[in-house]
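Spelled out from the first residue to the last, the chains are:
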Amino acid sequence: MVTPVTFIRTKRNPITYRRAEPTKQPESRTRFGEFVSHYLDVSRFRKNDSTYDRDLSHLKPLMVLWDSFYLHQITHEQIQAAQTLWFKTGLAKKTINNRCVLLSSILRMAYKQRLLSFMPEIPKLRIDRKPPKWFTDEQIRYLLDSVRPFVRDFVLVLLHTGLRAGELRALKWQNIDLVNRRIMIEVSKSHRFRVIPINDALFEHLKTLRQQAKPHQDYLFEGRSSGQPYTDFYHALKRELKRLGMSGYVHALRHTFASRLVQRGVSIYEVKELLGHASVQTTQIYSHLQNNHLLQAVNVLNVL
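Definitions and cut-offs
- Residues numbered from 1 in each chain as written.
- Predicted model: local features only at pLDDT ≥ 70, side-chain atom pairs only at ≥ 80, totals over all residues.
- Heavy atoms only, no water.
- Helix = DSSP H or I, 4+ residues; strand = E, 2+ residues; numbered from the N terminus.
- Contact = heavy atoms within 4.5 Å.
- Areas by Shrake-Rupley, 256 points an atom, 1.4 Å probe, with all protein chains shown as cover.
- Pairing = 2+ DSSP bridges.
- Buried < 20%, exposed > 50% of the residue type's maximum accessible area, 1.4 Å probe, protein only.
- Expected span 1.5 Å × (residues − 1).
- Core = buried A, V, L, I, M, F, W, Y, C linked by side-chain atoms within 4.5 Å.
- Salt bridge = Lys/Arg side-chain N within 4 Å of Asp/Glu carboxyl O.
- Arc of directions from axis to C-beta.
- Phe/Tyr/Trp six-rings, centres within 6.5 Å; stacked < 30°, edge-to-face > 60°.

A. Here's a closer look at the overall build of the protein chain. Regarding its fold elements, the protein chain presents 13 helices and 5 strands. Taking all contacts inside the protein chain whose residues are at least 6 apart in sequence as the whole, residues at least 24 apart take part in 61%. Entry remark: accessible area of the protein chain is about 18,500 Å², with carbon and sulfur atoms responsible for 52%.

Have a look at this one:
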């Protein structure tokens, strides 16, 4: 039996780990599935709805692999094998990393509660940066003219707000202020809000949606069950794009929102605030779109 590589805390930095010699670890008598129930009970009140729902979706494949495993049996080698399996099935590296972040959070809680005597190394897959995918103005017009009404409704909201799909899922009417024309989005894990102004086009669209909403409807887009949000924007849009012979995905609408702003002269720093990025470095992926505006700027020197 291969003894797992363990990690111990260094004196200089209590949250930094260094490799230790393999040693025999005391066996945990708590199974992964049992501890996950406890983890969810705790995190339910610490995370906002969209983050919690995302965790639940990432949790399912973890439970398939390790539900009946004792905590100490989830080793570095086990995790690497899972990453390889997921990647071979065509899963994106970012999704694999997101699953592993959740796994790390679960095991770290077990470690802090002394149900684990070591934290297995959880490698992070390197992701090659690609230019963001967005829709052109022509594609947007074709899309809005061709998709079924429900898809058009949420596509319009995303195009004018730049919301993440999870933020749209969790968006309630109580966070939409049509009087002051602003949308309040809770910032994940921080219990703070970012404000997205409602422009004229979105204002008219939201007024129509409000009139069409059921009495006492909580969510902007409600699912089949009353009081529950609609959750599958990804596949709803994907099916329509496939029918129209187009490529793309829901998050591309967020990129489209940002790209259109930058192309129309809005500063990267303003776009950062609207998108809710923690750092302007994340927003810099759109900076190359400013080149045309820079060319226009230097063209003022053409006449001497």
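B. Fine view of the sheet that holds strand 4 (residues 182-187). If you walk across this open sheet you meet the 3 strands as 3-4-5, and the pairing is antiparallel. Since the sheet does not close on itself, it has two edges, and those belong to strand 3 (176-177) and strand 5 (192-197), each with one partner. Pairing analysis gives 2 bridges linking strand 3 to strand 4, with the strands arranged antiparallel. By the bridge assignment for strand 4, aspartate 177 is matched with arginine 182.

C. Seen up close, the environment of aspartate 53. Relative to the assigned elements, aspartate 53 resides in helix 2 (residues 49-66). Separated by 178 residues in the primary sequence, aspartate 53 and threonine 231 place their C-alpha atoms 9.3 Å from one another.

D. A look at unusual backbone geometry. Phi at arginine 114 is positive, roughly 60°, even though this residue is not glycine. Inspection of the secondary structure assignment puts arginine 114 in the loop between helix 4 (93-112) and helix 5 (137-146). For histidine 216, which is not glycine, the phi torsion reads 65° and is therefore positive. Along the chain, histidine 216 turns up in the loop between helix 8 (200-212) and helix 9 (233-244).

E. Representation of the environment of arginine 260 in the model. Mapped onto the elements of the fold, arginine 260 is located in helix 10 (residues 251-263). Using a relative accessible area of 24% as the deciding quantity, one classes arginine 260 as partly exposed. On a C-alpha basis, the gap between arginine 260 and phenylalanine 135 in space is 9.3 Å, while along the polypeptide they are 125 residues apart. Arginine 260 has contacts with Asp137 and Ile140, leaving out every residue within four places of it along the chain.

F. Highlighting helix 10. Relative to the 18 Å expected for 13 residues at 1.5 Å per residue, helix 10 spans 18 Å between its end C-alpha atoms, a close match to the ideal helical length. Where helix 10 is concerned, the buried positions are Ala252, Leu253, Arg254, His255, Thr256, Phe257, Ala258, Ser259, Leu261 and Val262. Positioned one or two residues after helix 10, glycine 265 has a phi angle of 95°, which is positive.

G. Focus on the nonpolar core. Within the largest apolar cluster, 38 residues are counted, with the highest numbers of intra-cluster contacts made by Phe154, Val155, Leu168, Ile183, Leu220 and Phe221. Elements supplying a minimum of two residues to this core: helix 5, helix 6 (149-161), strand 4, helix 8, helix 9 and helix 10. Counting residues per element, this core draws most heavily on helix 6, at 7 residues. Setting aside anything within four residues of it in sequence, one finds isoleucine 183 in contact with Thr161, Leu171, Asn175, Ile176, Arg194, Val195, Ile196, Ile198, Leu202 and Leu206.

H. Just the pattern of salt bridges, in detail. Within this structure, the stated rule accounts for 10 salt bridges. Note that lysine 207 is salt-bridged to glutamate 204, the shortest N-O span being 3.7 Å. Taken together, the residues lysine 207 and glutamate 204, both in helix 8 and 3 residues apart, mark about one turn of the helix. Overall, the relative accessible area of 44% leaves glutamate 204 in the partly exposed class. Here the residues in one salt-bridge network are Asp137, Arg260 and Arg264, joined through shared partners.

I. Geometry of helix 9. Over its 12 residues, helix 9 extends 17 Å from the first C-alpha to the last, a length consistent with the 16 Å expected when each residue adds 1.5 Å. Among all positions of helix 9, only Phe233, Ala236, Leu237, Glu240, Leu241 and Leu244 are buried. Take helix 9 and look down its axis: the buried residues cluster within an arc of 130°, on one side only. Those residues of helix 9 that are exposed and aimed more than 90 degrees away from the buried face are Lys242 and Arg243. Residues of helix 9 that are buried sit in contact with helix 5, helix 6, helix 7 (165-170) and helix 10. Of the residues flanking the end of helix 9, it is glycine 245, one or two places downstream, whose phi is positive at about 75°.

J. Region of the structure containing the packing of aromatic side chains. Scanning all chains against the criterion turns up 7 aromatic pairs. Ring geometry for phenylalanine 150 and tyrosine 230: centres 4.8 Å apart, planes at 70°, overall edge-to-face. One end of the pair, phenylalanine 150, is in helix 6; the other, tyrosine 230, is in the loop between helix 8 and helix 9, and 80 residues separate them in sequence. Residue classification places tyrosine 230 among the buried positions, given a relative accessible area of 18%. An aromatic cluster is present here, built from Phe150, Phe154, Phe221, Tyr230 and Phe233 joined pairwise through their rings.

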